[in-house]
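Chain residues, written in single-letter form:
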Amino acid sequence: MVTKLHSAQCPQSPRVGDGLLGLIRNLPPTFKYEPGVIVADGDYVILHGRFSGMGLPANWIVADVVRLKDGILVEHWDVIQDESAKEQSKSGNPMFGDAFPK
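Going along each chain's sequence as written, the residues are numbered from 1 onward. The predicted origin of the model limits local features to residues at a pLDDT of at least 70 and limits the giving and counting of side-chain atom pairs to 80 or more, whereas totals for whole chains, interfaces and linings rest on all residues. Working from all heavy atoms in the structure, the side-chain values ignore hydrogens and water.

(A) Structural context of the overall build of the protein chain. To qualify as a helix, a DSSP run of H or I must reach at least 4 residues; to qualify as a strand, a run of E must reach at least 2; elements of each kind are numbered from the N terminus. A tally of helices and strands in the protein chain yields 1 helix and 5 strands. For the protein chain, the α and β elements follow one another from N to C terminus as β-α-β-β-β-β. Between buried and exposed lies partly exposed: a residue is buried under 20% and exposed over 50% of the maximum accessible area for its type, with that area taken using a 1.4 Å probe on protein chains only. When burial is assessed residue by residue, the protein chain has 27% of its 102 residues classed as buried. Any two residues having at least one pair of non-hydrogen atoms within 4.5 Å are treated as being in contact. Once local pairs closer than 6 in sequence are excluded, the contacts in the protein chain between residues at least 24 apart make up 27%. In these tables, accessible area is a Shrake-Rupley quantity obtained with a 1.4 Å probe, and a residue counts as shielded only by the protein chains included in the view. In the form shown here, the protein chain has an accessible surface area of approximately 6,900 Å², with 56% of it arising from carbon and sulfur atoms.

(B) Summary view of the pairing of strand β3 (residues 44–52). Pairing geometry for strand β2 (residues 32–41) and β3, over 8 bridges, is antiparallel. The residue bridging E34 from the neighbouring strand is R50, located in β3. Connecting the antiparallel pair β2 and β3 is a turn made up of 2 residues, with G42 showing a positive phi of about 60°. A strand pair is defined by DSSP finding two or more bridges across the two strands.

Shown next, in the form of structure tokens:
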């Protein structure tokens, strides 16, 4: 089975889950993931969430797109953006949830 990672953050590995697990294992204990919207269409699932506590200047707002085959993760893409503070938001709305991060 072909597995592919389309991410600057995850190394390619023989099984797509191994690259993701390697990334997860190296996260600091302060790391937090907040799930938002989850959308599925056939074998594709999109997860929109906030990554925080990574020691970076800004939280990440991430859309992960995964493709499943026979219930197994076989492909992954991500779109990552630094979360904007209220002062930076031209729309006046938060990028994730109902409130800006504190």
